[in-house]
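Structure assessment
This is what each chain is made of:
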Amino acid sequence: MECGYLRLMNAGNDSICAFLHIKCSELVSCANDNRACYRPDYLCVSHPRCQTAPLCYPVDKALQVVCPPMLPATTTLPPVVPDDGICESATWNVTGVTVAGGNGAGSELNELNGPLGLFVDDDAAVYVADTWNDRIVKWVPGASIGSVVAGGNGEGNQNNQLDHVAKVVVAKNGTMFICDRGNSRVQRWFKNDEHGQTIIANISCLGLAMDNEGSLYVCDGERQHVIKWHSNDIVAGKNGERPEINQLLEPVHIFVDQDKSVIVADFQSARVMKWPVGVKEGIVVAGGNGEGDGANQLNGMKYSTIMLIVILL
């Protein structure tokens, strides 16, 4: 997504359509007393990708070709769009850009080997679960090489090692949570630490997600459920291994939306399910009609890509 609507803090429900891929660290907070920006050509907006406090946003970032031009101040601005935040005129490139790896399978810092998971932070840095290299590699925008931020000390079960890492999520403060599948554990690595801490042991971790309050959700492929850490509440599944609506059958990816509903890619059931907070049964939102290539079906790894798209949006 290249642009989206940002709500103006001093203009009721008015908003601007702006270019979103700007580093949050480049923005400063609006004045506390009147939510004003004292730098010329800056507007005070609410930016959902950065922080809860209003931020001063450069006007020139609202003049990208992917967005409608800003209207004169005397003209009523477009209304705020719904929750997805996507401009009606938004466009997507038809070709992709390599942001990590792309130099063949290997263990050099410009290479990856069997990556299974990724996470993109507010500054557009990409964290890659580099599975066969037993490490997490961070790639900042425009970089030709990555930097190892967890593991990378060979396959093993020591606190500075990982074994067939599968997924990674990163909190706002830079703390990483990692599915260390080969060691049947979930590890927490504080920012810039050289060692991790095991926070969940004896778990077949297949997926991780974090809600907007920083709570961690873990997908357990062996027990066929999703738990919320560290209360260990079961928020999806629990009722055995069958494709019923209160069950899961090899859940492999999860995502938590703004309402804290848990979205689960239920691999063996060829479906994607949504579990709102507090429910005992999930809702099938994609697939659920057996494996196949029909418009109402999913098949194997095809819907893993669907879950990745949901996460990025």
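Look a little higher up for the structure.
We now turn to the structure provided with this report. Computed from a predicted structure; not experimentally measured.

**Re the state of the cysteines**
The tally for this structure, following the rule as stated, stands at 3 disulfides. Between the sulfur atoms of Cys37 and its disulfide partner Cys56 the distance amounts to 2.2 Å. Residues Cys37 and Cys56 share a disulfide whose torsion about the S-S bond is about -105 degrees; that sign makes it left-handed. Of this pair, Cys37 sits in the loop between strand S3 (28-29) and strand S4 (42-46) while Cys56 sits in strand S5 (residues 55-58), placing them 19 residues apart in sequence.

**Structural notes on unusual backbone geometry**
Geometrically, the link from Trp229 to His230 is a cis peptide bond, its omega value of 10 degrees lying close to zero. Within the secondary structure, His230 sits in the loop between strand S16 (225-229) and strand S17 (233-237). Positioned with a positive phi, Gln224 is a non-glycine residue whose angle comes to about 60 degrees. The phi dihedral of Asn232 falls on the positive side, at around 60 degrees, and the residue is not glycine. Along the polypeptide, Asn232 turns up in the loop between S16 and S17.

**Here's the deal with the sheet that holds strand S18 (residues 251-256)**
Ordered by their spatial adjacency, 4 strands build an open sheet running S18-S19-S20-S21, and the pairing between neighbours is antiparallel. For this open sheet the edge positions go to S18 and strand S21 (283-287), each flanked by a neighbour on one side alone. Pairwise comparison of adjacent strand axes, ignoring direction, gives a mean angle of 25 degrees for this sheet. Both S18 and strand S19 (residues 262-266) contribute to a ladder of 5 bridges, which runs antiparallel. The residue of S19 that forms the bridge with Val256 is Val262.

So, how was this worked out
- Residues numbered from 1 in each chain as written.
- Predicted model: local features only at pLDDT ≥ 70, side-chain atom pairs only at ≥ 80, totals over all residues.
- Heavy atoms only, no water.
- Disulfide = S-S within 2.5 Å.
- Helix = DSSP H or I, 4+ residues; strand = E, 2+ residues; numbered from the N terminus.
- Pairing = 2+ DSSP bridges.
- Axes fitted to C-alpha atoms, helices over the stretch in contact; angles between N-to-C directions.

That's the geometry; what it means functionally is another story.
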